[in-house]
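# A closer look at the structure
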Amino acid sequence: MTELNDKPNTAEQAPALTAEEVLALPRHYAALLRGTRDVIAAGDVGRMRRILAKGATEGGISRDKFGNSHLLRAMQTAVAFCDRVSPDRNIVAAILLHQLCRTGMMDEEAVGREWNDDVAKLVRGLLKATSLYTRGASVDSENFRRLLMTFAEDIRVIIIMIVDRLVLMRLVNHHPDERRVKDLAYEANYLYASLAHRLGLYSIKSDLEDMSLKYTDRETYTSIARQLNERKKERDLYIDAFIKPVKEKLLDAGLTFDIKGRTKSIFSIWNKLRKQKTDIDHIYDLFAIRIIIDTPPEKEKSDCWMAYSLITDMYRPNPSRMKDWISIPKSNGYESLHITVAGPGGKWVEVQIRTRRMDLVAEKGLAAHWRYKGIKSEGGLDAWMNNVRDILETADSGPMELVRNFKMDVYDKEVFVFTPKGDLYRLPAGATLLDFAFNIHTKLGAACTGGLVNGKNEKLTYKLRSGDTVEIQTSPSQQPKQDWLNIVVTSKARTKIRQTLKERESRNAELGREMLQRRFKNRKIALDEAQLSRLIKKLGYKTTTDFYREIADEKLDVNTVADRYLAPEAPAEPSAGHVSADEFVLSQYSDEAAAQSGTGSSDVLVIGNDVKGLNYRFARCCNPIYGDDVFGFVSSDGVVKIHRTDCPNAPSMRQRYPYRIISTKWSGKIGEQFAATLRVVGRDDIGIVTNITSVINKEKNTTLRSISIDSHDGLFQGTLVIGIPDNASLTSIIKKIKTVKGVRDVGRI
């Protein structure tokens, strides 16, 4: 169910099942019937026989890369699942049907019709999960394991794949292609043994680890196995001598129990030899005695501690190696009482005391025992596995029945994406194609213009999905933009975009500085930084960087800056402390300037179809100025009043008097000032009003006609009427007034 489960290679196809395989079919079929007799339905036997017959006649030549028949391998996997995990009708059917669907002899819809939707769901999960191996991704990455769990969708699919790997590892013993076998063994140990451990399938985990060591370092495996065999007779005699008095004591105490000896797995022995740098004779728990007590739930703890007391009375315990996981079970649900005692001859023996229920969970259950012996937690996976354990420990109708609807969304907050070369990357859910580009490399992200997702062109905003294969497309002319910050969701991409934008602003500012210095030098102007800083402030720029960037972007002419720099500075206003804005008096200059402003002439507007001789006035309700979108309204006295299209009275006029509305536009002949009314809110200080009027008076072709101020509770609200040539000039002056210190809001009335 890995890379071995790709489409059959015709070069590797055999003409049919071999004679040995034909003889093996009835044996595996009989084992399958025995394993499923308690869960199979009345009509399932016939359906199962048809599946196997179809596989034997039409798909018997389908083989994996080791030459194993997919049909026989599926039958062995189904038998192993019943034996090592739990008999389950739907899972057995899915294991067998998956191969038919993979080779195209059956589809998922047909599976759903003939069996049920749950079987079809399992088949779909198996097909989807095993398809990952066609991507060429490295299986020795944590991201691959996470993506595998995401694609499986159902925890039962992962368990099936673990059992299938166990079967395959048994089948490849002594296969001539040693390199391929070693790769398989490495993957089994890294990926599937780890998953088995996390799901509590400990015996499967041990078998996978042992076979992995056997195929990758046969010499070491054989050496340890030989030493264990050489000591087997001696070990069995010692265990018998240790157990005999213990049995008598436990029977006298009225306990019902089983006692069995357990030799540590070869892989675990090798691991300890390597870590402790010792020999096999000095491993404490080379073998252990396990006492399994049959007792009702309410007496579990008391009976276990009774057994503990009886054993420690007989043999001297080692307190430093005592582990009580009955009083306080491990966070993964594991319950057992471990003690190490000095047996006959002073040899240390580990004794594990547990009840039948505890042993069932530890041996065949799917308890989340995955942090045992140093496997680190992964946050959400911890809680998810604990949920699996809780479900399985309370299972009355069979663990697989309760797990059926268990949603496998442990990594639903992440997506896993491939590169065309098979490299696998993990990103948060909602990540976009642009996030992926920055995740690979900053330069790639900065030049990204889009990408190919599963061979299809997609934009920067495309939201990635697990399993996508993404190829980033770039352009040397592409540069990060401010709106990219609204596209990305990862902090890395956001930080890199901000950093790139800031660096570009700094470069532009430096360019603007050089342009200004060069122009000053050409005009033989001595540059005084203090004077320039005052000018930058007067021009309304918050920072020198903004000022220089405007020059670099040619939004601010360098000659204009030079002229303003050479212009004499206005005398500073005498300081009078804090004075209320109510006491401000409009200067005579403003009154005179206002007096100079004229009224509109007939050539400023084109009314209707360029009707001549019409008398018009600008409406006072909205005070339109050149550049505003306007319309004409014929009043009852025959005068055309010009309104802004966003005038508050416009909707009412259009609804009630549509026949009086006349189209109007500006002719483009500007030569006068228009009255515009502004409302300014700010801090109550006469100084702030002086600064506002100063800004207005310095603007070309702009005059302050009138000002009224109302102060209250430290704030002032001023109404300013200014003469302005056009809408663009008004927009510019509003921006500059907003930069005056103390101004909170500026708006047109």
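Notes on the structure follow. (Residues numbered from 1 in each chain as written. Predicted model: local features only at pLDDT ≥ 70, side-chain atom pairs only at ≥ 80, totals over all residues. Heavy atoms only, no water.)

### Some remarks on the overall build of the chain
- Across its full length, the chain carries 27 helices and 20 strands.
- Total accessible area on the chain stands at roughly 37400 Å², and carbon and sulfur atoms take up 49% of it. (Helix = DSSP H or I, 4+ residues; strand = E, 2+ residues; numbered from the N terminus. Areas by Shrake-Rupley, 256 points an atom, 1.4 Å probe, with all protein chains shown as cover.)

### Focus on the packing of aromatic side chains
- Scanning all chains against the criterion turns up 13 aromatic pairs.
- Pairing Y541 with F547 gives two aromatic rings, centres 5.6 Å apart and planes at 70°, and the pair type is edge-to-face.
- Aromatic ring contacts, followed pair by pair, group Y541, F547 and Y548 into a single cluster.
- Across from the ring centre of Y238, 5.1 Å away, lies the NZ or CZ of K347, which sits over that ring. (Phe/Tyr/Trp six-rings, centres within 6.5 Å; stacked < 30°, edge-to-face > 60°. Lys NZ or Arg CZ within 6 Å of the ring centre and 35° of its normal.)

### Details of the packing of helix α18 (residues 433-440) against helix α20 (residues 491-522)
- Contact geometry for α18 and α20: axes closest at 9 Å, N-to-C directions at 80°. Judged by the inter-axis angle, α18 sits roughly perpendicular to α20. Between α18, through L434, D435, F438 and N439, and α20, the contact on the second element is made entirely by K492, A493, K496 and I497.
- For the contact of α18 with α20, the per-class residue count stands at 4 nonpolar, 1 polar and 3 charged. (Axes fitted to C-alpha atoms, helices over the stretch in contact; angles between N-to-C directions. Parallel < 35°, antiparallel > 145°, perpendicular 65-115°, else oblique. Contact = heavy atoms within 4.5 Å. Nonpolar A, V, L, I, M, F, W, Y, C, P; charged D, E, K, R; others polar.)

### Considering the pattern of salt bridges
- The final tally for this structure, using the stated rule, is 28 salt bridges.
- We note a salt bridge from E21 to R63, for which the minimum N-O separation is 2.9 Å. In this pair, E21 sits in helix α1 (residues 19-36) while R63 sits in the loop between α2 (44-57) and α3 (70-84), placing the two residues 42 residues apart along the sequence.
- When its relative accessible area of 12% is taken as the criterion, E21 is described as buried.
- You can call R63 buried: its relative accessible area is 9%. (Salt bridge = Lys/Arg side-chain N within 4 Å of Asp/Glu carboxyl O. Buried < 20%, exposed > 50% of the residue type's maximum accessible area, 1.4 Å probe, protein only.)

### Re the packing of α3 against helix α4 (residues 89-102)
- At their nearest, the axes of α3 and α4 sit 9 Å apart, and the two run at 165° to each other. In terms of axis orientation, α3 runs roughly antiparallel to α4. Where α3 crosses over α4, the handedness of that crossing is right-handed. Across the interface between the two elements, H70, A74, M75, T77, A78, F81 and C82 of α3 pack against I91, V92, I95, L96, Q99 and R102 of α4.
- Broken down by class, the residue content of the contact of α3 with α4 amounts to 9 nonpolar, 3 polar and 1 charged. (Left-handed = near helix turned anticlockwise from the far one by under 90°.)

### Focus: the environment of T419
- Here T419 is to be found in the loop between β7 (414-418) and β8 (424-428).
- Here the alpha-carbon distance between T419 and F436, two residues 17 residues apart in the chain, equals 9.8 Å.
- What T419 contacts, discounting residues up to four positions off in sequence, is Y425, F436, I440, T469 and V470.

### Observations concerning the side chain of E209
- Locating E209 in the fold gives a position in helix α10 (residues 202-216).
- Overall, the relative accessible area of 8% leaves E209 in the buried class.

### Concerning the pairing of strand β5 (residues 337-342)
- Judged by how many residues are buried, β5 sits mostly within the fold: 6 of 6 residues are covered.
- Here β5 shows a buried face lined by L337, I339 and V341 and a second buried face lined by H338, T340 and A342.
- Bridge count between strand β3 (residues 316-317) and β5: 2 bridges; the pairing is antiparallel. Bridge pairing in β5 links P317 to V341.
- As paired strands, strand β4 (residues 323-324) and β5 are joined by 2 bridges and run antiparallel to one another. By the bridge assignment, K323 is partnered in β5 with H338.
- For β5 and strand β6 (residues 348-355), the ladder comprises 6 bridges, and the chain directions are antiparallel. Within the sheet, the bridge partner assigned to H338 lies in β6 and is Q352.
- Linking β5 back to β6 in an antiparallel pair, the connection comprises 5 residues, with G345 at a positive phi of about 80°. (Pairing = 2+ DSSP bridges.)

### Details of a positive patch on the surface
- On the surface, K537, R683, K741 and R744 cluster together to form a positively charged patch.
- With respect to the helices and strands, R683 occurs in strand β17 (residues 674-683). (Patch = residues over 30% accessible without salt bridge, like charges linked within 9 Å, V, L, I, M, F, W, Y side chains within 5 Å. Lys, Arg positive; Asp, Glu negative; His and termini not counted. Charge placed at Lys NZ, Arg CZ, Asp CG, Glu CD.)

### Quick notes on helix α22 (residues 544-552)
- Among the residues of α22, those classed as buried are F547, Y548, I551 and A552. Down the axis, α22 shows its buried residues gathered within 140° of arc, on one side only.
- Each element contacted by the buried residues of α22 is listed here: α20, α21 (529-538) and α23 (558-566). (Arc of directions from axis to C-beta.)

### What to know about helix α11 (residues 218-230)
- Under the 1.5 Å per step criterion, the end-to-end length of α11 is 18 Å for 13 residues, consistent within 8% with the ideal 18 Å.
- The inward-facing, buried residues of α11 contact α10, α12 (232-252), β1 (256-263) and α13 (266-276). (Expected span 1.5 Å × (residues − 1).)

### Points about the sheet that holds strand β20 (residues 743-748)
- Read across the open sheet, the 4 strands follow the order β18-β19-β17-β20; overall the sheet is antiparallel. At either end of the open sheet lies a strand with only one pairing partner, and these are β18 (703-712) and β20. Going across the sheet, the axis of each strand differs from the next one's by a mean of 20°, ignoring polarity.
- Pairing of β17 with strand β19 (residues 715-724) involves 10 bridges; the strand directions are antiparallel. In the strand pairing of β19, L678 is matched with L720.
- Sitting on the sheet, helix α27 (residues 727-738) is in contact with β17, β19 and β20, with an inclination near 165° to β20.

### Regarding the nonpolar core
- With 65 residues, the main nonpolar core has L96, L97, I162, I204 and L208 as its most contacted residues.
- Apart from the residues within four sequence positions on either side, I162 is in contact with Y192, L195, A196, L199, L201, I204 and L208. (Core = buried A, V, L, I, M, F, W, Y, C linked by side-chain atoms within 4.5 Å.)

### A word on the state of the cysteines
- For the structure shown, the criterion picks out 0 disulfides.
- With no disulfide of its own, C621 lies closest to C647 among cysteine sulfurs, the gap being 3.4 Å.
- The class of C621 is partly exposed, set by a relative accessible area of 36%. (Disulfide = S-S within 2.5 Å.)

### Quick look at unusual backbone geometry
- At H174, a position not held by glycine, the phi torsion is positive, near 65°.
- Locating H174 in the fold gives a position in the loop between α8 (155-171) and α9 (178-198).
- Here the phi dihedral of N454 falls at roughly 55°; this positive angle occurs in a residue that is not glycine.
- Along the chain, the position of N454 falls in the loop between β9 (448-453) and β10 (456-458).

### Observations concerning the sheet that holds β9
- Pairing in this open sheet of 3 strands is antiparallel, and the strands run β10-β9-β11 from one edge to the other. Either end of the sheet is taken by a strand with one partner, and the two such strands are β10 and β11 (470-474). Ignoring strand direction, the axes of neighbouring strands in this sheet form an average angle of 30°.
- Where β9 lies against β11, 5 bridges are found, and the strand directions are antiparallel. When the sheet's bridge partners are listed, V453 is paired in β11 with V470.
- Across the face of the sheet, α18 comes into contact with β9, β10 and β11 while running at roughly 105° to β9.

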